[in-house]
Structures are given as structure tokens and as C-alpha cells.
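Fold and contact review
What follows is the residue order along each chain.
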Amino acid sequence: MEFSSKLLEKAVNEMAQLPGIGKRTALRLVLHLLKQPVEQTQFLSQALTTMREEIKFCKSCHNISDVEVCEICNNSARNHKIICVVEDVRDVMAIENTNQFKGIYHVLGGKISPIDGVGPSQLNIHSLVGKVKSGQIEELIFALSSTMEGDTTNFYIYKQIKDLEIKTSTIARGIAVGDELEYADEVTLGRSILHRVPFENSLNR
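The structure presented is a predicted model; accordingly, all values stated were derived computationally and were not measured.

Some details on the overall build of the chain
Looking only at helices and strands, the chain has nine helices and seven strands in total. For the chain, with 205 residues in total, the buried portion stands at 37%. Considering only residue pairs separated by 6 or more positions, the chain has 56% of its internal contacts joining residues 24 or more positions apart.

Below you can see the structure in the form of C-alpha cells.
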């Protein structure tokens, strides 16, 4: 792809680094920004800069937040004795959109994947086990995607807590095997939360 401007080329190359954005799409987006008032581009760049510099991760559940403890963890109306374990913040958003879950979350920040060089120590597993050991939690709901990596992560966590006094469950398999939570429709995802099953049952598949 030939560019008449080095400034344009640099902007397109940076935009093309975003997931799902190829060079042609990046060019279309950059040219769109050039057609907009200068202030509009400044608003966008300032919003991105502010987000990157000031955004926080909840010190309790590791969800993205504007403050030290996120709104969900700070909500006294939520059931703080039930934790839904998810891979990342997109899964929190997907489950929240169902309006079916009234507990709190724990964001692992990924899944165990030796092929990708991701081990248990690189995820937020230690803090989760610490919560369970505190004796304040009654149930863990495993809501990771039904992939080999997701199942491996579920089982690893289960082994860490299986001797403790806590109920473990997993979302019902209304979600197709291999599917990511964020792409499930709200009705299916909501039902899978409501009709969750004991985790031990999933080990017999």
C-alpha cells in the first residue's frame, strides 16, 4: 500500500495494530478522522490518553474501574458470598447484561495455556484462593469458556479449593463447546447462569 504522506502512513500503521483492523480498514478510519473537525479527533485522542493513564483495576475483583474498588464490589445489594469466576472484563459485561446474576465477580485475566506461555502464576488465581480461604464465600461459579484452556483453568482452581467448605458450580452448557462467553446471546447466557450445575458433574463428561 503506497502512501502520499508519511504522517498518514504512520497513523494507518498504528491503527492497524488494533485487533480485527487490517490496513484497508485502518486507512478508511484514518481518512474518516481527517474529514472530521479537528476538535473531534482531539476529543478521541484525549479520551484514549486519559483512559490509559487513569483507569484502574479493582483491588478486590480485578475488574476495570475508575476507582480502587469497582461499583459491583461496592454494591451492598449484591450477594458477596457468591463469586462468578470469569476470564476477562468482557465476560463481566456479558453476564451483567443478562440481569440474572446478583453476586460478585473475580476476573482471572486469562486462561491457563502452556502453548501461549500462560501459567497459573500469571493469572489472578492466588487472590481468588485467598478469598475462599477467608471463609466468607459460599459458592464459586466457574464461567470460563468451554474450551480446553477454560476447562484446564477451572480444574486447576478446583484442585486448590476442593478440600475447603465451599460449593463449586459451572454454568450450564447452553453455551456451545468452544464458544466464548462474550458472543453468547443474553437469554442463553442468562439461563446458563440460572441453571448452573455442580462442578463435580462436569468432571464426568
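Some thoughts on the pairing of strand β4 (residues 104-107)
Going residue by residue along β4, you find Ile104 and His106 tucked away on one face and Tyr105 and Val107 tucked away on the opposite face as well. Here four bridges tie strand β3 (residues 82-86) to β4, and the two strands are oriented parallel to one another. Looking across to β4, one finds that Ile83 is bridged to Ile104. With helix α5 (residues 89-96) bridging β3 and the parallel β4, this β-α-β connection has right-handed handedness.

Describing the packing of aromatic side chains
For the structure shown, the criterion picks out two aromatic pairs. Ring geometry for Phe101 and Tyr105: centres 5.2 Å apart, planes at 65 degrees, overall edge-to-face. Given the relative accessible area of 6%, Phe101 is considered buried. Judged by its relative accessible area of 1%, Tyr105 falls in the buried class.

Thoughts on the state of the cysteines
What is meant by a disulfide is a covalent connection between two cysteines, made through their sulfur atoms. This structure, assessed with the given rule, holds zero disulfides. Here Cys61 stays free of any disulfide, with the sulfur of Cys73 as its closest cysteine sulfur at 3.6 Å. Judged by its relative accessible area of 2%, Cys61 falls in the buried class.

Description of the confidence of the model for the chain
Low pLDDT marks stretches whose predicted atomic positions should not be read closely. Residues with a pLDDT of 70 or more make up 85% of the chain, whose mean pLDDT is 88. β4 holds the highest mean pLDDT among the elements of the chain, 98, whereas helix α8 (residues 186-194) holds the lowest, 64.

Regarding a negative patch on the surface
On the surface, Glu53, Glu54, Asp66 and Glu71 cluster together into a patch of negative charge. Mapped onto the elements of the fold, Glu54 is located in helix α3 (residues 38-54).

Overview of the pairing of strand β6 (residues 167-170)
Consecutive side chains along a regular strand alternate between the two faces of the sheet. In this structure, strand β5 (residues 139-142) lies alongside β6, joined through four bridges in parallel fashion. Looking at β6, one finds that Phe142 is bridged to Thr170. Following the chain from β5 across helix α7 (residues 148-161) to the adjacent parallel β6, one finds a crossover that is right-handed.

Here we look at the environment of Val92
Along the chain, the position of Val92 falls in helix α5. Overall, Val92 belongs to the buried group, its relative accessible area being 3%. Spatially, the C-alpha atoms of Val92 and Ile64 are 9.8 Å apart, while their sequence positions differ by 28 residues. In this view, Val92 contacts Asn63, Ile72, Val86, Tyr105 and Val107; residues no more than four positions away in its chain are not counted.

With respect to the nonpolar core
Grouped together as the largest cluster of nonpolar side chains are 36 residues, with contacts concentrated most on Val85, Leu140 and Ile157. Within the residue set of this core, elements represented by two or more residues are α4 (71-74), β3, α5, β4, α6 (126-133), β5 and α7. Setting aside residues no more than four positions away along its own chain, Val85 makes contact with His106, Leu108, Leu128, Leu140, Ile141, Phe142, Ala143, Leu144 and Ile157. Membership of the second largest hydrophobic core comes to five residues, among which are Phe3, Val12, Ala26 and Val30.

Thresholds applied
Residues numbered from 1 in each chain as written. Predicted model: local features only at pLDDT ≥ 70, side-chain atom pairs only at ≥ 80, totals over all residues. Heavy atoms only, no water. Helix = DSSP H or I, 4+ residues; strand = E, 2+ residues; numbered from the N terminus. Buried < 20%, exposed > 50% of the residue type's maximum accessible area, 1.4 Å probe, protein only. Contact = heavy atoms within 4.5 Å. Pairing = 2+ DSSP bridges. Right-handed = clockwise from strand over helix to strand, strands pointing away. Phe/Tyr/Trp six-rings, centres within 6.5 Å; stacked < 30°, edge-to-face > 60°. Disulfide = S-S within 2.5 Å. pLDDT = per-residue confidence, 0-100. Patch = residues over 30% accessible without salt bridge, like charges linked within 9 Å, V, L, I, M, F, W, Y side chains within 5 Å. Areas by Shrake-Rupley, 256 points an atom, 1.4 Å probe, with all protein chains shown as cover. Salt bridge = Lys/Arg side-chain N within 4 Å of Asp/Glu carboxyl O. Lys, Arg positive; Asp, Glu negative; His and termini not counted. Charge placed at Lys NZ, Arg CZ, Asp CG, Glu CD. Core = buried A, V, L, I, M, F, W, Y, C linked by side-chain atoms within 4.5 Å.

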